[in-house]
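A look at the structure
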Amino acid sequence: MEGTRLNKIERLLQKELSELFRKQTAMMRGTLVTVSTVRVSPDLSVAKAYLSIFPSEKGNEMIKTIEKNKKTLRYDLAQIVRTQLRRIPELMFYIDDSLDYVDNIDKLLKE
């Protein structure tokens, strides 16, 4: 039962974080940030969000910007999900480089 609840919370956070990033990156032409996965600890204290950033060259720069604005993002997220969650987890952001990995494998197989 606990797994189902965590999955629902993870999907909720992924959806709302995706929407927040979509609104914020709309002003930055040529950059796309997608939340590929969110993993929440069983005690709901930490949420690890894995971000896929396009173009991947801007990944490290974008993660640094997101880390600087982490408190604002958490506050904005809390305003959106305050009726569904009593406690908002601490957010941690990581680059999801699985698409780059798949692209690299494709290039190697074509050679």
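The structure we're discussing is the one just above.
Residues numbered from 1 in each chain as written. Predicted model: local features only at pLDDT ≥ 70, side-chain atom pairs only at ≥ 80, totals over all residues. Heavy atoms only, no water.

For helix α3 (residues 70-81), built from twelve residues, the straight-helix expectation of 16 Å at 1.5 Å per residue is met to within 8% by its first-to-last C-alpha distance of 16 Å. Listed in full, the buried residues belonging to α3 are Lys70, Leu73, Leu77, Ala78 and Val81. With its buried residues spanning 140 degrees around the axis, α3 presents them on a single face. Turned more than 90 degrees from where α3 packs its buried face, Lys71 and Tyr75 sit exposed. (Helix = DSSP H or I, 4+ residues; strand = E, 2+ residues; numbered from the N terminus. Expected span 1.5 Å × (residues − 1). Buried < 20%, exposed > 50% of the residue type's maximum accessible area, 1.4 Å probe, protein only. Arc of directions from axis to C-beta.)

One open sheet accounts for three strands, arranged β1-β2-β3; its pairing is mixed. Whereas interior strands pair on both sides, the edge strands pair on one side only; in this sheet they are β1 (32-40) and β3 (90-95). For this sheet, the mean angle separating the axes of adjacent strands, direction not counted, is 30 degrees. Where β1 lies against strand β2 (residues 46-54), eight bridges are found, and the strand directions are antiparallel. Opposite arginine 39, over in β2, you have lysine 48 as the bridge partner. Its contacts with the sheet put helix α2 (residues 59-68) on β1, β2 and β3, and the angle it makes with β3 is roughly 175 degrees. (Pairing = 2+ DSSP bridges. Axes fitted to C-alpha atoms, helices over the stretch in contact; angles between N-to-C directions. Contact = heavy atoms within 4.5 Å.)

Structurally, aspartate 106 can be placed in helix α4 (residues 98-110). Residues aspartate 106 and leucine 6 lie 100 residues apart in sequence; the distance between their C-alpha atoms is 34 Å.

Our next topic: the packing of aromatic side chains. Evaluation of the coordinates by the stated rule reveals two aromatic pairs. For the pair phenylalanine 21 and phenylalanine 93, a centre-to-centre distance of 5.9 Å together with 75 degrees between the ring planes defines the contact as edge-to-face. Pair noted here: phenylalanine 21 is in helix α1 (residues 2-25) and phenylalanine 93 is in strand β3, with a separation of 72 residues, a long-range link. Take phenylalanine 21 and phenylalanine 93: they sit in the same class, and that class is buried. Relative to tyrosine 94, the ring of tyrosine 50 lies with its centre 5.5 Å away and its plane at 25 degrees, an arrangement referred to as stacked. Of this pair, tyrosine 50 sits in strand β2 while tyrosine 94 is found in strand β3, placing the two residues 44 residues apart along the sequence. (Phe/Tyr/Trp six-rings, centres within 6.5 Å; stacked < 30°, edge-to-face > 60°.)

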